[in-house]
Amino acid sequence: MKQDSSVRFHYAWVIAAVTFFILLIGAGIRSAPGVFMVPVEQEFGWSRSSISFALSVNLLLYGLVGPFAAAVMDRFGIRRITILALFMLALGAALTTWMQSSWQLTLLWGVVVGLGSGCTASVLGAMIANRWFVKQRGLVMGILTASGATGQLVFLPLLASLAESDGWRIASWVIASVALVMVPMVAMLMRNHPSDKGLFAYGATVADREHVAPAQNPFRAAMKGLHTGLRSFDFWLLAGSFFICGLSTNGLIGAHFIAACMEHGIPAVTAASLLAMIGIFDIIGTTFSGWLSDRYNNRWLLFWYYGLRGLSLMFLPTALSSSTFSLGLFIVFYGLDWVATVPPTMRLTTDIFGREQAGILFGWILAAHQLGAAVAAYGGGVVYTVLNSYFFMFIVAGAFCLLASFMVMRIGRNALSVDVSRNM
């Protein structure tokens, strides 16, 4: 088996590039409901809360499938499951063009796309980073996480423009086609383990040799991981803070930012471009966060990320109602922090529970993230239906972020929690 030093270009970077595009397309598809919400509402006359319910199901399944996806990928291989997920994304997006009832939106965009998204999510990036990289693992995780923002940047303005000029159905066909285009690339280039190419992980030595776990029942492996997590106070802190992360990002801003902008007289295409701008700054912030997570205390990184995000969300109602400069300030400030929490959270999960368990444990932590996102997606729609305003949701989300900034300072400091994880 080849050592890292014996190859000029390590195949791990090919795997990282393929994964980046998978996550980019998955994120682009997940961001589409924010563009489609108002056109669908106007065409079918459905309430904002009923549409938000479908989005909340999507976000919830996106998270809940994560730990099972990690276990299934361990059992059947990353390549096979990723191809299946891309087919599900394409199928769900395409079939929505024929829907006539809100329950069909929930079934297709909520269930089918939600399940497909769960296999093309951060848990995939975490597994690739842990399997293929020893050196620069945090940086790679940051780059893969930033792919979500890149997907936003690429797809949102395009989808908004298509929805406005040609209708939201054409936009749905576009994203379905893009998902299908990725299938042959994954089939040709993706590999499950470095050993499949006769390599160690990038930066690894014989001492770091990858341990390939024996095949086991995926459901049992996922539930065993949950049992391990529930016995650890650190897991509760990681999952609780990530619940707030999901609530304050793709659940609230991802699902409702465009609609909130439109309520303040900002056109849909402009609002989508503003959300894409958040993605530009997120690419910078999340990549830099990955670099920082390799070098600095990850608890302190999370403390600042959550604290600053909370302040920016509390500022958003003022920014929407005032000058362009204020809204631009929010976009820069919030964008740098959009998902910068992922690399430190993944690093802490790996440090506490070990590389072998990190994929499934992070899958459950991501499930908590998406549970928070589902609460905010549906709750935002309900609150808007009742109050005809998003003001309350933005303030509450900001307050929860401030709470999370103090929660994360306890991670890794509970002796019982550390002992439990070490003795598994």
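Reading the values: the criteria
- Residues numbered from 1 in each chain as written.
- Predicted model: local features only at pLDDT ≥ 70, side-chain atom pairs only at ≥ 80, totals over all residues.
- Heavy atoms only, no water.
- Axes fitted to C-alpha atoms, helices over the stretch in contact; angles between N-to-C directions.
- Helix = DSSP H or I, 4+ residues; strand = E, 2+ residues; numbered from the N terminus.
- Parallel < 35°, antiparallel > 145°, perpendicular 65-115°, else oblique.
- Left-handed = near helix turned anticlockwise from the far one by under 90°.
- Contact = heavy atoms within 4.5 Å.
- Nonpolar A, V, L, I, M, F, W, Y, C, P; charged D, E, K, R; others polar.
- Expected span 1.5 Å × (residues − 1).
- Buried < 20%, exposed > 50% of the residue type's maximum accessible area, 1.4 Å probe, protein only.
- Salt bridge = Lys/Arg side-chain N within 4 Å of Asp/Glu carboxyl O.
- Polar contact = N/O pair within 3.5 Å; in protein donor to acceptor, adjacent residues only side chain to side chain.
- Domains from an automatic or database assignment.
- Phe/Tyr/Trp six-rings, centres within 6.5 Å; stacked < 30°, edge-to-face > 60°.
- Patch = residues over 30% accessible without salt bridge, like charges linked within 9 Å, V, L, I, M, F, W, Y side chains within 5 Å.
- Areas by Shrake-Rupley, 256 points an atom, 1.4 Å probe, with all protein chains shown as cover.
- pLDDT = per-residue confidence, 0-100.

### Notes on the packing of helix H11 (residues 268–293) against helix H13 (residues 324–335)
The geometry of H11 relative to H13 is characterised by a closest axis approach of 7 Å and an angle of 40° between their N-to-C directions. When the axes of H11 and H13 are compared, the pair comes out oblique. In terms of crossing hand, the pair formed by H11 and H13 is right-handed. Here Leu 274, Met 277, Ile 278, Phe 281 and Asp 282 of H11 lie close against H13, whose contacting residues are Leu 327, Phe 330, Ile 331, Val 332, Tyr 334 and Gly 335. Class assignment of the residues belonging to the contact of H11 with H13 gives a composition of 9 nonpolar, 1 polar and 1 charged.

### Focus on the packing of helix H3 (residues 78–95) against helix H4 (residues 102–118)
When two helices pack together, you describe them by how their axes are tilted relative to each other and by the distance separating the axes. Closest axis-to-axis distance for the H3/H4 pair is 7 Å, and the angle between their directions is 160°. With respect to H4, the axis of H3 lies roughly antiparallel. The handedness of the crossing between H3 and H4 comes out as left-handed. In this structure, H3 uses Ala 85, Met 88, Leu 89, Gly 92, Ala 93 and Leu 95 to contact H4, whose residues at the interface are Leu 108, Trp 109, Val 112, Val 113, Leu 115, Gly 116 and Ser 117. For the contact of H3 with H4, the residue count by class is 10 nonpolar, 3 polar and no charged.

### Some details on H13
Taking 1.5 Å of rise per residue, 12 residues should cover 16 Å, and H13 covers 16 Å from first to last C-alpha, within 8% of that figure. Where H13 is buried, its residues meet helix H9 (233–248), helix H10 (253–263), H11 and helix H12 (298–321).

### Here's the deal with the environment of Gly 63
Structurally, Gly 63 can be placed in helix H2 (residues 48–76). Gly 63 gets classed as buried once you look at its relative accessible area, which sits at 0%. In this structure, the C-alpha to C-alpha distance between Gly 63 and Leu 371, residues 308 residues apart in sequence, is 6.8 Å. Once you skip the residues sitting within four places of it in the chain, Gly 63 turns out to touch Gly 363, Leu 366, Ala 367 and Gln 370.

### Here's the deal with the pattern of salt bridges
Under the criterion given, the structure shown has 4 salt bridges. As a salt-bridge pair, Asp 294 and Arg 347 come within 2.6 Å of each other at their nearest N and O atoms. Here the residue Asp 294 occupies a position in the loop between H11 and H12, and Arg 347 occupies one in helix H14 (residues 342–353), the gap between them amounting to 53 residues. For Arg 347, a relative accessible area of 27% translates into the label partly exposed. Across the salt bridge formed by Asp 351 and Arg 347, the nearest N and O atoms sit 3.7 Å from each other. Of this pair, Asp 351 and Arg 347 both sit in helix H14, separated by 4 residues, roughly a single helical turn. Its relative accessible area of 52% is what places Asp 351 among the exposed residues. The structure contains a network of salt bridges with shared partners spanning Asp 294, Arg 347 and Asp 351.

### Considering H9
Under the 1.5 Å per step criterion, the end-to-end length of H9 is 23 Å for 16 residues, consistent within 8% with the ideal 22 Å. For H9, the tally of buried residues reaches 12 of 16 residues, placing the bulk of the element in the interior. Within H9, the full set of buried residues consists of Asp 234, Phe 235, Leu 237, Leu 238, Ala 239, Ser 241, Phe 242, Ile 244, Cys 245, Gly 246, Leu 247 and Ser 248. Of the residues flanking the start of H9, the one acting as N-cap is Ser 232, its side-chain oxygen 3.2 Å from the backbone nitrogen of Asp 234.

### So, the domain arrangement of the protein chain
Per the domain assignment, the segments making up the protein chain are domain 1 (10–194) and domain 2 (219–412). Each side of the interface is counted separately: domain 1 has 47 residues, and domain 2 has 56 residues. The tally of links between domain 1 and domain 2 comes to 0 salt bridges. Our count for the domain 1 to domain 2 interface comes out at 1 residue pair in polar contact (both at pLDDT 80 or more). Among the secondary structure elements, those contributing two or more residues to the side of domain 1 that touches domain 2 are helix H1 (12–44), H2, helix H5 (122–132) and helix H6 (137–165). Class assignment for the residues of the side of domain 1 that touches domain 2 results in 27 nonpolar, 15 polar and 5 charged.

### Looking at the packing of aromatic side chains
What the rule picks out here adds up to 22 aromatic pairs. Ring geometry for Tyr 11 and Trp 132: centres 6.2 Å apart, planes at 50°, overall tilted. You can see Tyr 11 sitting in the segment before H1 and its partner Trp 132 sitting in helix H5, a full 121 residues away along the chain. Looking at Tyr 11, the relative accessible area reads 15%, which means it is buried.

### With respect to a nonpolar patch on the surface
Together, Trp 300, Trp 304, Leu 308, Leu 311 and Phe 333 line one region of the surface with nonpolar side chains, adding up to about 520 Å² of accessible area. Counting residues per element, the nonpolar patch draws most heavily on H12, at 4 residues. Along the chain, the position of Leu 311 falls in helix H12.

### Considering the confidence of the model for the protein chain
Per-residue pLDDT for the protein chain has a mean of 84; in total, 92% of the residues score no lower than 70. Of all helices and strands in the protein chain, the one with the weakest mean pLDDT is helix H17 (residues 415–422) (41), whereas helix H16 (residues 391–407) scores best (95). Scored below 50 in pLDDT, residues 415–424 makes 11 contacts in the model with residues more than four places away or belonging to other chains.

### Here's the deal with the environment of Ala 222
When you line up the elements, Ala 222 lands in helix H8 (residues 218–230). Residues Ala 222 and Ser 273 lie 51 residues apart in sequence; the distance between their C-alpha atoms is 39 Å. With near-sequence residues (within four places) excluded, Ala 222 lies in contact with Pro 67, Phe 68, Ala 71, Ile 360 and Trp 364.

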